[in-house]
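Below, each chain spelled out in residue letters.
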Amino acid sequence: RKYMRSPPTPEMATQEVPLNETLAHLKTESETLKSKLEEERAKLHDVELHQVAEKVEGLGQFVMKTRRTLKGHGNKVLCMDWCKDKRRIVSSSQDGKVIVWDAFTTNKEHAVTMPCTWVMACAYAPSGCAVACGGLDNKCSVYPLSLDKNENLAAKKKSVAMHTNYLSACSFTNSDMQILTSSGDGTCALWDVESGQLLQSFHGHAADVLCLDLAPSETGNTFVSGGCDKKANVWDMRSGQCIQSFETHESDINSVRYYPSGDAFASGSDDATCRLYDLRADREVAIYSKDSIIFGVSSVDFSLSGRLLFGGYNDYTINVWDVLKGTRVSILFGHENRVSTLRVSPDGTAFCTGSWDHTLRIWA
Amino acid sequence: MTINTLAKGGCHREQMACFRKMEKVIVAMQDPDMGMKMRNQRLLITVIPHAMTGHDIIAWLTHKYRISEEESLHLGNMLVKYGYIYPLKEPRCLVLRPDESPYRFQTPYFWTSTRWPASELDYAIYLAKKNIRKQGELMEYEKERYSLLHKRINHTWDFVVMQAREQLRASKQRRKADRIVLECQEQAYWLINRPPVRSITLYCIQLYCNSDYYKREIEACRKALGRNRVKSSICLEGFLKYSEQYLNHDPIMQGCLPSNPWISDDTAHWTMNAEIVPVPTRLRVERWSFSFMELLNDAMGRREFMTYLEKEFSAENLYFWQACEDIRHGESSKIVEKVEDIYKNFLAPGAARWVNIDSKTMDKTLEGIKRPHRFVMDDAQMHIYFLMKKDSYPRYLKSDLYKNMLAKAIVPQETKKSVFPFMRRQRHSSPSPAQTATQAAEEEGLAKGAGANSAAGSHF
C-alpha cells in the first residue's frame, strides 16, 4: 500500500503510516472475537445466583465492631497481611514504614523504614519468619524478622523482585521460597527468593496490574490478577499463559480474591461494584452494587465459608455483602479516610482494615 | 486507582466514575414527581428559590435508597464535598448539616464532570471578576494564585480582564436573586476545583495497546471460544453447598467456641486449635472429611492420615507427595539434589519406598529427570495425589482410626460473659513465630510450661 510521508513541519501534518491501519484491523478483530466470546458464555447461563439462592435462609442482624485500633503509622496505611498464627499482621504505609504487630495485644514487634515512600505492597511469609514489601522502589524485598533488639532489620534485607515500575502487590506462594508480584509495568512475575532469579513472567495486561491472589486449589498452580485495563486474568504459574480472562468491570480493578473453594473469585473496582466470576462457568455470575454506593472499592475478602464478602471503600466505609443473595447485609463506619486494604484473618475470626487515616482496625 | 494517578499529572479516571454515579443521585433528587420538595429560602434579605434544608436531603435519601440516616448523612456529605449541592449559609464549609441549614443544587453547567478539567483561563477570569467587583475580596490563597496566574498567562491578561468586565456587566443586568444564585454557584464550583488546600486532584492513565497486545488478545479469545463451560445451574449450586457445609466453621457467621478471642480477649480458641494439640476439636476433625485437601492442609490431619497409610502399607504415597511438594515450593538451588533423592527413594527399581505409578507417567518422569526442573515431578505427583484421594482417603474416613478421633474430639464449652462486664481480661502476648524458629531447641523444653504467658504448644 502506498503512503505519503513528508518531513514534519509545523504547517503540515504527517500522513498516517500503514502500521496504524494494521493496528485498527487488529483492534476490530479483537473486539469482534470478544463479543463472540460473551455470546458463547451467555449460552450456558440458565439461572442467576440470587435465584438459586432463594431457598437459602436470609441472614439475621449483623453486628460487627472495631475490636482493636492499631495506631503508629505516620501516614496513609496502604497494605496489610496476616501471619499464619492468626494474630500477627504486617502493614505498610506511604511514609515508607513497615510495621509488624501482634494485633491481639496491639504491640508493635518490628519496624522497618524502607528507602522509598508509598510502600504499596507487603506480605507475611508462611513461616512467620519474614516479611516482603515494596512500592515506588519498583522492587520487592524480603526482611527476615529478628527478635534481637540490637539487630537492624534493614541490614539483612534481600532484594528479590525487580520491575520497571512500582510494585502494587506481592504474595508468598506456599513457602517462604517463592514470591509472586504485580506491578505498574503491566506484568506479574514469580521469583525465587534465595537467588532473586525470575522464574516466570506473566504478560497480558494492557496497563498497570494492581492486585493478585493465589488459588487455593488442589494442584495449586494458578493465580488471578486485576488491572487498570479493567481485566481480571487467571494465569498458569508453570507456563506463564493467561488461561482465562474477564472484562466486565467499568473501571480499574483494585482487588481480587478467590472464593474459598477456588472455583470462583471476587473483584472490587473503582466502578463502585464488586463482582463474582465463576471459573467453571467462565463468566461473571453476580454483581454487588447499590445506587447509594458511589465510591470505588479498594479491597475485598470473603468470610471463611464464603457466604459473606467484605469490601473496603474509598468513601471510608466497609460494606458487607451476602454473596449468595446479592444483598448488602451491613455497612460499617469508623475509618476517617478511605479504606485502602482489607483482609480476613486465616481462621476467619476477624478481619483487618487499613486506612488513609493512618490506622488499622480489627473487626469482629 | 494507581499510584500514577496520585504522583504525577493526569486525570483521576476513578473520579469520573464517581461523578457519573453522583449525578444519577442528583438527577433523581430533582425529579419533578419523586424528587425533593423544594422551597424558597431566605438568605439575609434576599429570597433564594429552589432551596432545601439539610434535614430534607437526609430524609429523602433515607427513603429513596432504603438506608439508615447515618448512611444518608454520609452520602449527603459526599454530594456536598464534590460540589453537587452547596450550602447557602457558610459556603466555605462543605458539610451537610442534618438541620434547617439551606442548600441548593449546583447547576449542571458547573458540574465537575462537565467542566472538567477546570482551566487556568476560567479561574483567572473568576478571580479577576472578584477582584474588580470588590477590591480586597480575594482571600489570601486566592491573591497568591491570582498573581501566579498573572505571571504565567501574562500574554492573555488583556483577554482575561476584558472577559471579567463583560461578565460583570452582564450580571448587573440580572435580577438580584438570580445574580446571587449565579455567584453562589460559581463560588461553589471554584471552591471544589481550586480548593485552598488541594485535596482532590484529577489524573489520567494511558493504555498500552500495541499490535502485540491485540495479537495476544485475539489468540486468547480464540482459545477461550473453544473451552468447555459448565452450565450456571450446576456451578451455582456449588456455592450453596459450600457455604452450607462451612457455615458452622465460619466464626463471623456462627461465632466460635469457647469464644472469639477478639471479642472476649480470651485466647482459648487459638490454644485449642493450635497446629499440634493432644486432642483436636470436633469441628476440626469434621473438616477433614470435607475434602482431601482439608485433610492434607491440617498438620494433625496429615499425621493421622500417615498413620492410617502405614497400617495399609501405602505410606510411601504420602511421603512421595510431600517430597514433590518440597521441590515445587523450595529453593531453586536444591532442585537437582531433591530430584535425585526422590529418584533414589521412590522411583528407582528396588527403591525403599517405591511408588506405583502407571508406566506412561513413569517413563515420562524418568525422561524428565535427566534435565531436572521445578515441575519435573508434577505428573507423577498428581497421579499419586489422585490415587490417594480416590482410594485411601475415602477408606480412611470410614476407618476406626478416624471414627475414634471424631468421637474423642473436644467440643469446647461456650464461655459465659464475665459477671462484671466492665472487667477486661489481660491480653497475653504469644511467642512470635520468628522467635520460635530461631530458638527451636529451647522451645521444646518449654512445651508444657505453666505460667501467665503462652499455653501449651505454639500459638500457630
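Residues numbered from 1 in each chain as written. Chains lettered and ligands numbered in written order. Predicted model: local features only at pLDDT ≥ 70, side-chain atom pairs only at ≥ 80, totals over all residues. Heavy atoms only, no water.

The name an unreviewed UniProt entry assigns to chain B is Regulator of G protein signaling 11, from the organism Astatotilapia calliptera.

Named according to an unreviewed UniProt entry, chain A is Guanine nucleotide binding protein (G protein), beta 5a originating from Astatotilapia calliptera. Regarding chain A, the relevant UniProt record gives this comment under Subunit (unreviewed entry): "May interact with RGS9; this interaction stabilizes both proteins and increases RGS9 GTPase-activating protein (GAP) activity, hence accelerating the deactivation of D(2) dopamine receptor-mediated signaling." (UniProt positions renumbered as here; feature names shortened; annotations may be inferred.)

(A) Examining the nonpolar core more closely. One finds B:Phe305, B:Phe320, B:Leu347 and B:Met377 to be the most contacted residues of the largest nonpolar core, which totals 39 residues. Ignoring any residue separated from it by four or fewer positions in sequence, one finds B:Phe305 in contact with B:Phe292, B:Leu295, B:Leu296, B:Leu318, B:Met388, B:Ser392, B:Tyr393 and B:Tyr396. (Core = buried A, V, L, I, M, F, W, Y, C linked by side-chain atoms within 4.5 Å. Buried < 20%, exposed > 50% of the residue type's maximum accessible area, 1.4 Å probe, protein only. Contact = heavy atoms within 4.5 Å.)

(B) Main features of the pairing of strand S26 (residues 339–344) of chain A. Residues and elements named next belong to chain A. S26 sits mainly inside the fold: five of its six residues count as buried. Looking at chain direction, S26 and strand S27 (residues 351–355) are connected through five bridges and run antiparallel. Directly across from Arg-343, in S27, lies its bridge partner Cys-352. The hairpin formed by S26 and S27 contains six residues between the paired strands, and Gly-348 there has a positive phi angle of roughly 70°. (Helix = DSSP H or I, 4+ residues; strand = E, 2+ residues; numbered from the N terminus. Pairing = 2+ DSSP bridges.)

(C) Broad picture of the confidence of the model for chain B. Residue and element names in this part refer to chain B. Confidence along chain B averages 84 in pLDDT terms, with 85% of residues attaining 70 or more. Averaged pLDDT values over the elements of chain B bottom out at 46 in helix H23 (residues 440–446) and peak at 97 in helix H14 (residues 282–287). This stretch, residues 5–11, has a pLDDT under 50; its non-local contacts, to residues over four places away or in other chains, come to 17 contacts. Residue range residues 199–205 is modelled with pLDDT below 50. Its contacts to residues more than four positions away, or to other chains, number 26 contacts. (pLDDT = per-residue confidence, 0-100.)

(D) Structural context of the sheet that holds strand S13 (residues 198–203) of chain A. Residues and elements named next belong to chain A. Reading across from one edge, S10-S11-S12-S13 is the order of the four strands in this open sheet, with antiparallel pairing throughout. Of all strands in the sheet, those with a lone pairing partner are strand S10 (167–172) and S13, marking the two edges. The sheet shows a mean angle of 15° between the axes of neighbouring strands, taken without regard to direction. Pairing analysis gives five bridges linking strand S11 (residues 178–183) to strand S12 (residues 187–192), with the strands arranged antiparallel. Residue pairing for S12: Thr-181 is matched across the bridge by Ala-189. (Axes fitted to C-alpha atoms, helices over the stretch in contact; angles between N-to-C directions.)

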